[in-house]
Structures are given as C-alpha cells and as structure tokens.
Amino acid sequence: MIEPRTLLLGALATVCFSLTGYVLVPALGVETTPITLENGRAYPPVLSEQAAQGREVYRDLGCVYCHSQQVRPETFGADLDRGWGRRGSLPVDYVGQQPPLLGTMRTGPDLADIGTRQPSETWHLLHLYDPQLTSPGSNMPPFRFLFDEVEGHDERALTLPEGTVANGVSVVPTARASALVAYLQALQQPPDVTGSSDE
Amino acid sequence: MAELEHAQLLAKLDGSCRRPVLLFLISAVVWLLVGSTLALIASIKLHAPEFLANDAWLTFGRMRTAHLNSVAYGWAAMAAVGVLLWLVPRLTRAPLRGTRLLEGAAWAWNGLVAAGVVAILTGYSTSVEWLEFPLPIAMGLTVCFAVVAGAGLDALHRRQVDHIYVSLWYLTAVMVWFPVLYLTANIGIHGGLLSGVAQAMTNWWFAHNVLGLFVTPIALATLYYVLPKVIGRPIHSYYLSLVGFWALALFYNWAGLHHLVGGPVPMWAVTVGIVASMMMLIPVTTVAFNQHMTMRGHFHLLRSSPSLRFVVFAGMSYAVVSAQGSFEALRGMSEVVHFTQYTVGHAHLGMYGFFSMMMFGGYYFILPRLTGREWPSATLIRVHFWCSAFGIAVYFLALTAGGVQQGLLLLDPGVPFLDVVQATLPWLQARSWAGLALTVAHIAFAISVAQMVLGLAPARGTPTLLAQRVTSQGGAA
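Since this is a predicted model, take the numbers as computed values, not measurements.

Considerations on the interface of chain B and chain A
So, point 1. Every contact between the two is made by 93 residues of chain B and, on the other side, 73 residues of chain A.
So, point 2. Between chain B and chain A the total buried area reaches about 6700 Å² when both faces are included, carbon and sulfur atoms providing 66% of it.
So, point 3. The three residues of chain B that bury the most area against chain A are Trp254, Pro264 and Phe339 of chain B, which together make up 12% of that side's buried surface.
So, point 4. With a closest N to O distance of 2.5 Å, Asp60 of chain A and Arg62 of chain B form a salt bridge.
So, point 5. Here chain B and chain A share 27 residue pairs in polar contact (both at pLDDT 80 or more) between them.
So, point 6. Here the side of chain B that touches chain A takes 11 residues from helix H6 (residues 196-231) of chain B, the largest share from any one element.

As structure tokens, then:
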C-alpha cells in the first residue's frame, strides 16, 4: 500500500536530491571567475564585440548540433592526435559562457581550438560559402545566405572558382559572416592554462 | 446489475475528461506530422547538403532543432498529458474537474509550441539542447502543465478508491517531477543564474530526466494499465512493481551526467552518472520481468489486439534501450560511441520504439472509449504498425552500426576526417528511408484518428481486430 502523501513527498525528495547534487553543488563549487595566468593575462579573455556577435550567429544557426567544443583529455580518445587541441579542455575554459557550447555531436570536427588550427579568414569565408570548395565530400551545409551577391567589383569579394557565380557578380560576406569568422578565430584553448581550482 | 453500474461509472469518468483529452491527443497527432516532415528534411540534408540550402530558416541546425522540439513538446508531451488526463479519473474513480481550464491549457500549449518552433526557425533558439525554446515560451508551458498537474492532483485528492494502482504512482510522481525539472532548468539556464560548466551539468540533469521522469513514467503507467486490461489478468507481481518504481525514482535522477563523459566536468559527477546508469538495470529488469510474466500464455492475443501489439513492442524496446543505455554510459563504450550517430539511434529507440509506440497503443485503447466509435480500418492499423516497427528497426540498426564504425574511425588519427564523413553517408541514407517508413506510418495513423474524431468511423460494437481472436477474453481492443 502506498499513500499519496508518501508518493508526493518521495517524488519531491528524489528530484530535490539530484537537483542539489547536479545543479546547486556545481553552481556554487565550479569556478565562475576568470583566472590570472603566469604572464599576468586574465583567462579566459573577453570576446571582442564582433566575435561576441559571431557567437550569436553560431548559436542561432545551430552549428552546435554538428560541432562539439570540448577537447578530450590525453588518455581518452584521439582528439590530441587529431590536432583538435593542445590539451584536454578544463572547466575554466568555459567560465562566463552562456550557453557553454560543449555540444554532443561530431558530425564535424571539434572546434574548441579551431582559431589556432585554422587562423585564415579567407579559408573560413570560402568554407562557409560552400564547404565543397575547401573540403570536397563534406556534409556540412553551405551558408550562402550569409553572403550578398553584388554587381561589379568589390574588394571584399571572395575569390571563387570560375563559373560559381555569373560573370560580373561579386560575392561579399555580410556582417554576420564576418562576425562568425571573428568568433571562430577567437576559439582557442591555450596550452599554458594548467588547471583550475576545481581539478 | 453491478456490471451496468460499472459501465455507467466508466461513462461518467470518461465523459468528465473527454474534451480536454481529445484536444490534447488530436493536437499531438498534428505535431507528429509536423515533426515527421521536419525530421525528413533534416535527415536528407545530412547526406545531401545542397538540399534546400538557400535559406537560413531551412538550414540543418534549425530544421533538426525544430524537429526535436515539435516532437518532444508537441507530440510526446501532448500525447503524454492526454493519456495522463484520461488515466487519472479512471484510476481515482473521481471525475475530472476544471475541464474548461484544461481545454484552455491545451490551446495555449499548441500556441506556445508553434511560437517556439517559429522562434527556432527564425534564429531565436537558445542552442541549449532540449531547452531551445526562449524563456517566455518555457514559462508559458510551465503554467499549462501546472493546470494539468492541478487537475490531476485534485482528482487524486477526491479519489473514490482505497488502493492506489501502480500506474497512478507513476502519474502522481510525474505531476511533481516535471514542473520542478522544467522550471529549475529554465530559470537556472535562461534566467542568467548559471553559466559555463555548471550550466552544462544542469542542462544534462534536465535533458536526461525529462526522459526518465516525464516520458518514461507516463509510458510505464500506460503499460501497467493497458496490458492487464486487454489480456484480462492482473499484473504478475505487485512487489516487483514497487521495487521498479522506487528504483527508477532514485537512480534515474542521477543518470544524466553520463552525457558529459570525457568532458571538462568534475570527475565525481560523471562517475555518479555512470554508476546511476548501471543501477537503472534494476528498475528496467523488474518491469521487463513483470511484463513477460503477465503476458505469459497470452502471447497469441498479439495477433488480434492492436493496443496490445503496440504496447508489448514498446515494453520490449524499453528493456533493450535501457540496457543499451546503461552500458553506453561506461567509459570504454562512451569513448567510441559518444559524439556519433550511435547516440541518435539510441535516443530514437527510446523516444520512438519505447515511448511513441506505447502512446500509439494508448490511443488504440482510449479513442474508441472516448469517441464511441471503432477504428475504421484494420488495414490502416496494420500499415501503421508494420511501417512503424520496420522503420524504427532499420533506423536503429543503421545508426547503431554506422555509429560504431564512425566512432572507431574517429579514434584512429590516421583516418582523415573527410573519410569518416564518407563512411557515415550510406548509414545516413538508410536512416532517411527509415524516416520515410515512419512518416507513412504516421499518415496512416492520422487518417484513422481523423475518421474517429470526425465521426466517420463505425459506432461502437465489435472492436476492430487485426485477426480472429482464438479465445474471447474481455472485449477490449
């Protein structure tokens, strides 16, 4: 025989128990303030205004559903061998991030340290415009809608293979595209961060 | 005489909840169709990236997310609430009150999910998995669910029974669990209280619990109700169900952090997550054993009864998906399959093979009793069942095999990333075909449901069966 009161209190108790462990304890215990590195810099650095806007583009287009941003530690998986990072990710790397874009899928490569691996703005813009140009066979979607097609010559225009667009038309990145690339360039997890108070 | 009184009582109970329940159940089917369409588009995009690629709202990241939220908060949650509101009066013997308010909640729910899906498609998604709706929409849904929980607990309070049946344990717990989970997670995450790793931990505490403490209990309540009703024999063991219930309440709560194995989170949390995931074997085994022992000697009824067929399929999927989930949480297994399509296969076996199939079984049982009509066509039911069963089987096998392959290739740094991508493509194509089969199933189902509620199906008489019944037990479809 179970009484309704037992049920209600039991249900409430069990969920509050895990809420304490997985929500409250980390909220109070996992570090939430930047640390100071040996060279005196604060880590993690604050994103530039443009990169912060780019992060919003990353969020609203759902890049997180194909890309993780967490490098596995040396003893787990092959992330370091693949060159996806220079060390395993640490809680301090995510301080202040709302939301942290850790991700759960790797349809594409991990991007936690992409700014180090691929610093070229030109490469990123071409890749976003059409991934087949840089990475043939990729199943990453093209993000052509982040670019404008303008008549005539434009100095910001992408250098595209012959015939991609009509003659006399230039493909120019929008502010959203440039911001997104600034964000990707800012994604770096430097090796001299050795740990956080939590480890 | 007693039989007549009983029938009158059931009619009164069903009558009290009829309008809101129908509203929730019909809306859920509409969302199922919307969600299937979005799913197909997203699935095709993964192997044909040029498909519908010219507009931001059609991009993969938004389509996939609109799919998840329309099936989770439109189909799954609305079907679950519909079934809950029908089961509660039956199990408490107390007519439902506040039906006007409940109808309002159902309409509001539809409006909120629609607004949420549009928000995702237009770039207002939060990109927090399972919590993509912006905060105001989530708050609206919380209020709607509070109305539902209020009506359910009110009926519980006025109960006319001494004994509280197993199904009602699960339903009562859900009415506490879901509001606590949804409110805490939304306010903590979107209300600016949590950031960084703490937010990620809350995210997975919620996302795993929404399956374990909302969707699963309602499906199990359906199983424990429909199974004995259809075969006309009580559940095998009361004590086993008791163990199953409390073990679920205790362990499921802590299982979520296995989603962050290998991630930048405190070691203790992941370890607790893995241990709790393994402990989940206890409640799952008890349910599976109880189901099997109850069914023993009655398996031939699977040939004739549509409800039973769906419910038993769902029960078996539950055992498989849960056992799989427990082992998937282990570090060695996670190292290979985490981040791959394997996880997607697992999630669909849970949300579809288990939960959705259980809800379908519930619909086949409930709708004749609420509409006073029989299912219009045994063929449509057969198409529904076989396309669903075949579709989810292909879906699961393709992504499980493809995911293991993908995971092993990723662990070998000598394999270029683009080769890993190429290796997954055939599996992703198979998944699109499976998705097509599931969509066909849903269309057949929607046609049946539409005929029932529009009064185009035959009035109640003999239940629509899939085959001649060998022994006549009950009369329940």
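Once you've had a look at it, read on.
Observations regarding empty space enclosed by the protein
So, point 1. Taken as a whole and assessed by the stated rule, the structure comprises 7 cavities of 30 Å³ or more.
So, point 2. Size it by volume and the second largest cavity reaches roughly 160 Å³.
So, point 3. Together, 15 residues line the second largest cavity, and Pro100, Leu102 and Gly103 of chain A together with Asn203 and Trp204 of chain B are the ones closest to its centre.
So, point 4. Here the residues of the lining of the second largest cavity are counted per class, giving 9 nonpolar, 5 polar and 1 charged.

Topic: the nonpolar core
All names here are of chain B.
So, point 1. Membership of the largest hydrophobic core comes to 202 residues, with the highest contact counts inside it found for Trp75, Trp109, Phe206 and Phe214.
So, point 2. Tallying contributions element by element places H6 first for this core, with 23 residues.
So, point 3. Split by domain, the residues of this core number at least three in each of domain 1 (1-162) and domain 2 (341-465).
So, point 4. Those residues in contact with Trp75 that sit more than four places away from it in its chain are Ala28, Val29, Trp31, Leu32, Ser70, Ser356, Met359, Phe360 and Tyr363.

Regarding the packing of aromatic side chains
All names here are of chain B.
So, point 1. A complete count under the given rule lists 37 aromatic pairs over all chains for this structure.
So, point 2. Both rings, one in Tyr170 and one in Phe245, keep their centres 5.0 Å apart while their planes meet at 80 degrees; by these two values the pair is edge-to-face. Note that Tyr170 is positioned in helix H5 (residues 166-190) and Phe245 in helix H7 (residues 238-251), a separation of 75 residues in sequence.
So, point 3. The exposure class of Tyr170 is buried, given its relative accessible area of 0%.

Comments concerning a nonpolar patch on the surface
So, point 1. A cluster of nonpolar side chains, namely Ile26, Val30, Val34, Val453, Leu454 and Leu456 of chain B, defines an oily patch on the protein surface of about 490 Å² accessible area.
So, point 2. Within the fold, Val30 of chain B resides in helix H1 (residues 2-47).

Considerations on the environment of Ala249 of chain B
So, point 1. Summarising the element assignment, Ala249 of chain B is placed in helix H7.
So, point 2. Taking the C-alpha atoms as reference points, Ala249 of chain B and Leu156 of chain B, separated by 93 residues in sequence, lie 20 Å from one another.
So, point 3. Apart from residues lying up to four places away in sequence, Ala249 of chain B is in contact with Thr14 of chain A together with Trp177 of chain B.

Here's the deal with helix H12 (residues 341-371) of chain B
All names here are of chain B.
So, point 1. Of all the bends in H12, the largest measures some 30 degrees and sits at Leu349.
So, point 2. Counting buried residues along H12, 28 of its 31 residues qualify, which places the element largely inside the surrounding structure.
So, point 3. The opening residue of H12 is Thr340, an N-cap whose side-chain oxygen sits 3.1 Å from the backbone nitrogen of Tyr342.
So, point 4. Positive backbone phi, at 70 degrees, marks Gly372, one or two positions downstream of H12.

So, the pattern of salt bridges
So, point 1. Counted according to the given criterion, the structure contains 16 salt bridges over all chains.
So, point 2. Arg144 of chain A serves as the salt-bridge partner of Glu50 of chain B, at 2.8 Å between the closest nitrogen and oxygen. Separated into two different chains, Glu50 of chain B in the loop between H1 and helix H2 (60-92) and Arg144 of chain A in the loop between helix H5 (131-134) and strand S3 (147-151) make up a pair that spans both.
So, point 3. Classification of Arg144 of chain A as partly exposed rests on a relative accessible area of 22%.
So, point 4. Linked through salt bridges whose partners overlap, the residues forming this network are Asp60 and Arg176 of chain A together with Arg62 of chain B.

What about the packing of helix H10 (residues 306-328) of chain B against H12 of chain B?
Residue and element names in this part refer to chain B.
So, point 1. Where H10 contacts H12, the two axes come as close as 8 Å, and the packing angle between them is 155 degrees. One element, H10, and the other, H12, form an angle in the roughly antiparallel class. Here the hand of the crossing between H10 and H12 comes out left-handed.
So, point 2. A class-by-class count of the residues in the contact of H10 with H12 yields 16 nonpolar, 10 polar and 1 charged.

Quick notes on the rules
One numbering rule holds for all chains: residues counted from 1, following each sequence as written. Chains carry letters from A onward and ligands carry numbers from 1 onward, assigned in written order. Whole-chain, interface and lining totals are the exception, using all residues; otherwise, since this is a predicted model, local features are given only for residues with pLDDT of at least 70 and side-chain atom pairs are given and counted only at 80 or more. Calculated side-chain values reflect all of the structure's heavy atoms, with hydrogen atoms and water omitted. Every residue pair with non-hydrogen atoms within 4.5 Å of one another is taken to be in contact. In short, buried area is how much 1.4 Å probe accessible area vanishes from two parts on joining, totalled over both. Basic side-chain nitrogens of Lys or Arg form a salt bridge, by our definition, when they fall within 4 Å of a carboxyl oxygen of Asp or Glu. Polar contact criterion, stated in full: a pair of N or O atoms within 3.5 Å, where within protein one must be able to donate a hydrogen and the other to accept it, and residues adjacent in sequence count only if both atoms are side-chain atoms. To qualify as a helix, a DSSP run of H or I must reach at least 4 residues; to qualify as a strand, a run of E must reach at least 2; elements of each kind are numbered from the N terminus. A 1.4 Å probe that fits into a set of points on a 1 Å grid over the protein atoms alone but cannot get out defines a cavity; an open set with protein on both sides within 12 Å along at least five of seven lines defines a pocket, and lining residues are those with an atom within 4 Å of a point. Grid points are joined across faces, edges and corners, and a volume is the space filled by probe spheres set on the points. Polarity classes work like this: nonpolar for Ala, Val, Leu, Ile, Met, Phe, Trp, Tyr, Cys and Pro, charged for Asp, Glu, Lys and Arg, and polar for all others, with Gly in that last group. Take the buried residues of types Ala, Val, Leu, Ile, Met, Phe, Trp, Tyr and Cys, join any two whose side-chain atoms come within 4.5 Å, and each joined set is a nonpolar core. Each residue's exposure class comes from its accessible area (1.4 Å probe, protein chains only) as a fraction of the maximum for that residue type: buried when under 20%, exposed when over 50%, partly exposed otherwise. An automatic or database domain assignment is the source of the domain bounds shown. Pairing of aromatic rings covers Phe, Tyr and the six-membered ring of Trp, with a centre-to-centre limit of 6.5 Å; geometry is then stacked below 30 degrees between planes, edge-to-face above 60, and tilted otherwise. Every patch collects residues that have over 30% relative accessible area and no salt bridge, joining them within 9 Å if they carry like charges and within 5 Å if they are nonpolar side chains (Val, Leu, Ile, Met, Phe, Trp, Tyr). Reported accessibility uses the Shrake-Rupley method at a 1.4 Å probe radius. Residues are deemed covered only where the shown protein chains occlude them. One axis fitted to the seven residues ending at a residue, another fitted to the seven starting there: the angle between these axes is the bend at that residue. For helices, the fitted line uses only the C-alpha atoms of the stretch in contact; every axis is such a line through C-alpha atoms, and the angle between N-to-C directions lies from 0 to 180 degrees. The labels follow the angle: roughly parallel below 35 degrees, roughly antiparallel above 145, roughly perpendicular from 65 to 115, and oblique for the rest. In this scheme the handedness of a crossing depends on how the near helix is turned from the far one: anticlockwise by less than a right angle means left-handed, clockwise means right-handed.

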